[in-house]
Every structure is written in structure tokens, then in C-alpha cells.
Amino acid sequence: MSAVLLVRLKITDLSAWTALETGRRLLDPGYSLARIAREQLLMFEPEPGAKADSFERALGEAVRQSNFFVNPNKESYRFLTAAERGVSWSPPEDAWGIVSRVREDTRDDGLRERLLREHPMPGLSAIRRAKAWWLWSHGPDGGSAPDYFSGVLGELRDPKHGLLVNPHAEAAMILTGAVPWSRVERFLIDPAPAFRAAA
Amino acid sequence: MARVAVVQIPGVNCEYETGRALEAVGLTARIVRWNEPASVWSEFDGFVIPGGFAFQDRIRAGAIAAKLPAVDRIAQEAEAGKPVLGICNGAQVLVEAGLVPGFHSGKVEMALAPNRAPRREGYLCRWAWLRAEEGPGRAWFAASARPGEVIPMPIAHGEGRFVTADPEVRERIQREGLVLYRFVAPSGGPADRFPFDPNGAMLQAAGITNRAGNILAFMPHPERATWLRQVPLELKNLWGERRRAAVGQWESLEGPGPGRALFESFASKLTQRAAQESRS
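Residues numbered from 1 in each chain as written. Chains lettered and ligands numbered in written order. Predicted model: local features only at pLDDT ≥ 70, side-chain atom pairs only at ≥ 80, totals over all residues. Heavy atoms only, no water.

J.: Where do I start with the pattern of salt bridges in this structure?
T.: If the charged atoms of two oppositely charged side chains come close together, the side chains can form a pair. Residues and elements named next belong to chain B. On inspection of all chains with the given rule, the structure shows 32 salt bridges over all chains. Between Glu43 and Arg3 there is a salt bridge whose closest N-O contact spans 3.9 Å. Pair noted here: Glu43 is in the loop between strand 2 (28-33) and strand 3 (46-49) and Arg3 is in strand 1 (residues 3-8), with a separation of 40 residues, a long-range link. (Salt bridge = Lys/Arg side-chain N within 4 Å of Asp/Glu carboxyl O. Helix = DSSP H or I, 4+ residues; strand = E, 2+ residues; numbered from the N terminus.)

J.: Sorry, what's going on with the pairing of strand 4 (residues 84-87) of chain B here?
T.: Residues in a regular strand point their side chains to alternate faces of the sheet. Residues and elements named next belong to chain B. Burial of the side chains of strand 4 extends over both faces: Val84 and Gly86 are buried on one face and Leu85 and Ile87 on the other. With three bridges connecting them, strand 3 and strand 4 associate as parallel partners. Counted as the bridge partner of Val48 is Leu85 from strand 4. Handedness of the strand 3-helix 2 (residues 69-79)-strand 4 crossover: right-handed. Sheet analysis places strand 4 next to strand 11 (residues 215-218), joined by four bridges and oriented parallel. Paired with Val84 across the bridge in strand 11 is Ile215. (Buried < 20%, exposed > 50% of the residue type's maximum accessible area, 1.4 Å probe, protein only. Pairing = 2+ DSSP bridges. Right-handed = clockwise from strand over helix to strand, strands pointing away.)

J.: Even after reading the chapter, I still don't get helix 5 (residues 146-153) of chain A, so can you show me in this structure?
T.: Residues and elements named next belong to chain A. Counting buried residues in helix 5 gives six out of eight residues, a clear majority hidden from the surface. Within the span of helix 5, buried status applies to Pro146, Tyr148, Phe149, Ser150, Val152 and Leu153. Where helix 5 is buried, its residues contact helix 1 (14-26), strand 2 (32-46), strand 5 (96-102), strand 6 (124-138) and strand 7 (170-175). (Contact = heavy atoms within 4.5 Å.)

J.: What am I meant to see in the interface of chain A and chain B here?
T.: Many descriptions give the size of an interface as the accessible area lost when the pieces come together. Taken residue by residue, the interface counts 33 residues in chain A and 29 residues in chain B. Buried area between chain A and chain B, both sides added, is near 2400 Å², and the carbon and sulfur share of it is 52%. The largest share of the area that chain A buries against chain B comes from Pro159(A), His168(A) and Ala197(A), three residues that together contribute 23% of it. Put simply, chain A and chain B have four salt bridges between them. (Buried area = accessible area lost by both parts, 1.4 Å probe.)

J.: For this particular structure, what's the right way to read the sheet that holds strand 2 of chain A?
T.: The strands that make up a sheet pair up through hydrogen bonds in the backbone, lying either parallel or antiparallel. All names here are of chain A. With antiparallel pairing, the six strands of this open sheet are ordered in space as 3-1-2-6-5-7. The open sheet has two edge strands with one neighbour each: strand 3 (75-80) and strand 7. Strand after strand, the sheet turns through a mean of 25° between neighbouring axes, direction not considered. Summarising the sheet, strand 1 (residues 3-9) and strand 2 pair through five bridges and their orientation is antiparallel. Pairing of Val7 across the sheet is with Gln40, part of strand 2. (Axes fitted to C-alpha atoms, helices over the stretch in contact; angles between N-to-C directions.)

Written as C-alpha cells, this is what we have:
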């Protein structure tokens, strides 16, 4: 069970805005996009045999006081302990999500070293990174049509299909409803699945 | 005289010096805005997408620009054999548009991922060492490079690591000689560690072409090494010696730098192609 930090811009997110504008131009008639939001996910993984509560109190303090997780001038955040996060991760109301991670090891060792140097704490094994794109979309039948939208706006296949994730550098997971955190953890820890360009 | 369009996409910032580098090898360079009428692109004999930060690198470097109608039109011109050089951000655009390496037509087969080197991350701005290899792109982009020559050139990128998730694509890039420029050590030996391997690219690739050899996605900045005066005094090789010897001599300083050969190859092949076309 890991603790989680979710960070998003509280000023206008120009990347999300441009993704919205560009994404709209890729859609077929009858499909519409109302909004896209972007969120950074940091997952704090306990050492084998340790529990996240061994470092959560110190970590929460470090997140509040340090300047390398969150810039409060432009970002807001939610720090969720293993107990607070619950068993599953749900998209924001009426949205669904595309969560992406780098294809290589998702651990950010530099960030972990810096954290432990400035805020020593026991039991923290790794900090892993991912990115979530939240989409408020509508298909012709009034539903959010995530299958259609993930094909058009998700993994890049060719200039007309895909936008938010380049599958040669990133792997993606679709969140259409509540997903167990254990699955998110596996997604970040396991090697990225194989990918063929011609498929 | 062959005419080359330097494509000005919002956020690029190297279009003027790229234009000057092209003019220095006898080409006519025109800076052309991305939103010019579609018919304008067919007026040119070749294209350069310069470096910078197209659309502020939003989402990923090159991701938005790759979807521009202008890039689609340039791809059509390239299919007819016209050359396209993407420098740094321009390389990112070409890769995101699926123009390089182009094994499966129209498919995106690579990414230019964030730099990855031990205990280093983020943007990198320094001089690197390259060697031109044999391959289908040699005639267009490296004919003027001397065999085995180690070429110093500046790099400036945060997302410069050529990668593919598809092992078949990687194998074919290697087998078909599409890595036209490779990072090497100053001795010419393999770039087996930072800083010689500056970003962790597969096959130590600094520039990859398509199979026809007329499209090059090139991460270093040859336009920043076109004149000898642009070479740093402290560079430890023949080019550094030339630069130090030229101190105070304006004519020598205005002589060619190590990046000039790439543009000379481009100009020479463009001129040949124009002559062939006029004969036919």
C-alpha cells in the first residue's frame, strides 16, 4: 500500500488547453470534448516488509514544507496516505482518464535521494511517477465514449490517430471508472507491455 | 538556384540563423509561415524545419506541430523526392509525424523521449561529437563529410533520445543504415558514457533518416556550427585548433565551421536534382 501525491496546476494549464483544441480537430462529427485536465501522480512505495505509515507523517510534512514537490504559487495538491486513498482511484465526476508512464523504470531516484537528504524518513523504497489526463467527452449517444476517444486522442498511431501518449516512449492505462489502486501500482511497477508499430 | 523553405511554426526560434546557414552554401532560403496557403509548399525544392519549441512543446515536443496541415503537405512533397531536414525541434516534429523512419507508411514508429543519463536529467546544452555513417541519407546530408571524421556540433534539447518500443523497427534502422549521424567519443570510438553519449538514444543516434534517405531527423544544431567563429575556443580537436589560430583574423573566423558540411551536402544534392529535373 503506497501513499499518493496528486498535483495539478491551479493556473491555466496551457498543455491541457492545447490538447483540448488539438483534440477537437481530430474528432468525427457527433463527438465532442468539453474539457481536458492534467494531473501528476507521485506514488510513494514502502520498502518490502514496511508500511507506508512508517514515513507518511514525515512525508506529508515534507510535501507541505519543501519546494520540490509542489509550487504553491501555481499548483494545488492532494496528499493521500495509504489509508486516505481508499482501495480504488476514481476519475473526477463525469470524466474518464488516460494514465501514462514512461516505458522505462518509473522510479524517480533523483527525487527520492533529494527527499531523503533533506527530510530523512524510514521505510521509503521508491517514488514512482505517472501522469493522468482527465477527459470530459460526449459521443453521439450522450455517453462519454471512452473507446472512441482513447483511439483518437490516446496512443499515437499516426498523425490522425492519437495525441496524448507516444507509445514508443510511454505506456497507457484507461480509467473509465473506479480502478483498484493495486492495479495502478502494478501498472507503475511492472515492465511496460510490448508494442508493435504496425499493429 | 534551389529554393528552400524554412518552416516557421509558432515557437520555433532558429529560423533566421538556419536561413543564413542555407544562404551560406548558395541556396535561396525563405522563411515560410506554417499557415501560408497550401499551394505555397510546392514552390520549394526542399524544406527545413528548424529548432525551437513549436507550440511550447505542449503535451510533448513536436506533438502539436506534427498535426499541422503544412507538415502534411511537406510530407507529400517529400514523397515526390524533395528533401526535408528537421533540426532538433524539427526532428521531433518529423518523428511525431511518422516521417522517419517510415517503414510502415503513415505510422509513428519512434519517439524522441526525455534525455536519460546516469544521475542526470533535463535539458542539455553542450557540444557533442558525431560521426557520419554510410546509409541511404549520405548523399543528401553527409556527402561532404570526410570518412571517419569526428564532427563537433552543439546540442540543446530535453527530449533528444531516439527510442522505439518495437524491436523490429530498431533492428531495421540498424540493418538498413538509417542512423546517418551517431554520437561518438572525441577519439571516434564508441560513445559509451556521458557526456559522449549525451542522452541515451538507441544506437547512439544523433540523426536518423527515412529509407529513401531524403528526410533527416537531426538532433544537433548544424546552423550553430556553420561558421568558424561559432566554435568554442576550448574545443579539443582540429576544429578547436583552427578556431584558436583564427583569433583576431576576421576572414578566417568567417570561414566554415564543422556544421557547414551538412548544408553543403544538402545544397550539392539539391543542385544535382534540379539539373536532372531540367534535363528530363
